[in-house]
Amino acid sequence: MKCFLTILLFALVSCATPSSSEDSIKISIDVHELPSIGLAISTTDYDIQLVNFDSNKHGEYVIHNMDAAYITLHNGFSERKRIYAEQGDHIHLTFDGKSMKESLEITGDHPRITEYLSRQKTTPYNRNIYSLQFPEFESVLKEKIIENSRLLDSRENTLKNESEKFIKLERAHIKYSFAPALLNYPKVHGGEDLEKIRDDYYTTIKNWIEEDKDYLNLNEYRTFVALACATLASQEGKNTTTYYEKILEQMYYLDQNFKQEDVKQGFISLWANEYVQNNGIKQIDELNKFTQEKLTDNKLLSRYEQIYDSWARIAPGNKAIDFHAQDSTGKEFSLKDFKNQYVCLYIWQNVYPCMVEFSHLKKLIPLLEEKNIQWINLSIEPKPDEWKKAIRNQDIQIGKHFFLKNEKEFLKNYHYNSETMYQFILITPDGKIVESHLPKASSGKLEKYLTEQI
């Protein structure tokens, strides 16, 4: 539970930046009292952002680069509410901070769509359908889509008055929620050699792909197309083993087989941005060249270049980004206080994966002294009092313990990944970056790296 909450607190994505632009979706929230665990908003199952409230208990959340979005409100772990919004919408929410069910009021939304979403429940398929022969399997899957579309069918005329785009997206949303089952069929079916159904199988996957720019707003569509392109590209039998190789293979297949240029550009942008954002720019010459050549849409190209440049900013040899922190007494510290020695920053929080690293780090103390490395632990624990308690633990007594103050900008600039929960950064005595993402201590590779590099 703590890990999930930590992801809520520290996921740093551009969509959470306030804006009043008409090319974005804006959500503002006012509460009577702050939610005990937190109010979060998500547009996908894995991108969950905590809403930050000011002293007036007012919060704002902005979604950029999406024409339309299915949005889920999370009141802690107990309550969820789905709404739909389109570019230019400004939705205002109020509730008492305790129960959305009892007190939530929404203005600026699409009320009939909100009511539809509260009633629409997906009826999943039975896994027994995988025992069917492939043609019957696909037929049953299509029947399940029809079954899950009945409420939409009955409300279509009413919902059209609020948004025809929603009708279109909702039909695609239902369809592509079931589409991954197609890709799983050969593996789960097990009783039929793929060679016997190869042509029908690959043809069916191709037929399920619709090229429509509007569908790029749907996570289910994006997920299916990515997996489908990887599956179809694998027909050639290339021995792609790494994630990087598979992304390139997807891109090449898409470029050669898709017809709609705006859909191709959208997916190339999406895949390139996601890869660079999560993995950096080391050894991606082929991906970078392909992306630069294929993205002729200036807006999409600019977005990619911004992400690329943000990683180039922290490449080895560049000036390190300063931190601002304080010790347990409140005394202020920054990077300039540690001149003429190597500095290794450990970004951590009081969760199990981070605490485990300390037992391995303590073994490095002789090496740190030998190499004149100042070890600095920068805590991003949400509650300072919890951090002060944690650093009393004798098992984590290595280097200096500080509480990071400018956490959001600092973490964003250093491409901190909330899923890994920790990060190691090495800086030279003259304030230059040696490496922004060192291997973790528990892998045994950090000791080897420090021994060889310093």
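Structure: above.
Predicted, not measured: the structure shown is a model, and the values here were computed from it.

**Q** Before we go on, may I ask you to explain the overall build of the chain in this structure?
**A** Across its full length, the chain carries 18 helices and 15 strands. Taken against the 2.2 N^0.38 rule, which gives 22 Å for 454 residues, the C-alpha radius of gyration of the chain at 25 Å falls within 12% of a compact globule. Dimensions of the chain, computed from C-alpha atoms along their principal axes, come out at roughly 70 × 55 × 45 Å. Counting all 454 residues of the chain, 48% fall into the buried class. Here the analysis covers contacts within the chain between residues at least 6 apart in sequence; of these, 68% occur between residues at least 24 apart. In the structure as shown, the chain presents an accessible area of about 22800 Å², 46% of it carried by carbon and sulfur atoms.

**Q** What is the right way to read the sheet that holds strand β4 (residues 58-63) from this model?
**A** Sheets are built from strands that pair by backbone hydrogen bonding, the pairs being arranged parallel or antiparallel. Spatial strand order, β4-β1-β7-β8: four strands in an open sheet with mixed pairing. In this open sheet, the two strands that pair with only one neighbour each are β4 and β8 (105-107). Averaged over all neighbouring strand pairs, the angle between strand axes comes to 15°, with direction disregarded.

**Q** Honestly, the packing of aromatic side chains in this entry has me stumped. Any pointers?
**A** The geometry of an aromatic ring pair comes down to the distance between the two centres and the angle between the two planes. Applying the stated criterion across every chain, the model contains 33 aromatic pairs. Between tyrosine 125 and phenylalanine 178 the ring centres are 6.2 Å apart and the planes differ by 50°, which places this aromatic pair in the tilted class. Remark: phenylalanine 178 occurs in helix α6 (residues 164-178) and tyrosine 125 occurs in the loop between α3 (111-119) and α4 (134-148); sequence separation between them is 53 residues. By relative accessible area, phenylalanine 178 is classed as buried at 4%. Residues tyrosine 346 and phenylalanine 358 carry aromatic rings whose centres are separated by 5.2 Å and whose planes lie at 70° to one another, so their mutual orientation is edge-to-face. A residue pair is termed long-range when its members are at least 10 positions apart, and tyrosine 346 in strand β11 (residues 342-348) and phenylalanine 358 in helix α14 (residues 352-361) qualify at 12 residues. We classify tyrosine 346 as buried; its relative accessible area is 0%. A residue is classified by how much of its surface remains accessible, and phenylalanine 358, at 0% relative accessible area, is buried. Ring pairs connect the aromatic residues Tyr125, Tyr130, Phe134, Phe137, Phe178, Tyr185, Tyr201 and Tyr202, which therefore count as one cluster.

What counts and how
Once a new chain begins, its residue numbering starts again from 1 and follows that chain's sequence as written. At least 70 in pLDDT is required for a residue's local features to be given in this predicted model, at least 80 for side-chain atom pairs to be given and counted, and no such filter applies to totals for whole chains, interfaces and linings, which use all residues. Computation of side-chain values: all heavy atoms of the structure, hydrogens and water removed. A run of H or I in DSSP becomes a helix once it reaches four residues, and a run of E becomes a strand once it reaches two; helices and strands are each numbered from the N terminus. Computation of the radius of gyration draws on C-alpha atoms alone. For the globule rule, the value is 2.2 Å times the number of residues to the power 0.38. When a residue's accessible area, from a 1.4 Å probe over protein chains only, is under 20% of the maximum for its type it is buried; when over 50% it is exposed; and in between it is partly exposed. Contacts are assigned to residue pairs with any non-hydrogen atoms lying within 4.5 Å of each other. Per-residue and other accessible areas were derived by the Shrake-Rupley procedure at a 1.4 Å probe size, with only the shown protein chains allowed to occlude residues. Two strands pair under a simple rule: DSSP has to find at least two bridges between them. Helix axes use the C-alpha atoms of the stretch in contact, all axes being lines fitted to C-alpha atoms, and the angles between their N-to-C directions lie in the range 0 to 180 degrees. For this analysis, a ring pair means two rings from Phe, Tyr or Trp (six-membered ring only for Trp) whose centres lie within 6.5 Å, classed as stacked if their planes differ by under 30 degrees, edge-to-face if by over 60, and tilted for the remaining angles.

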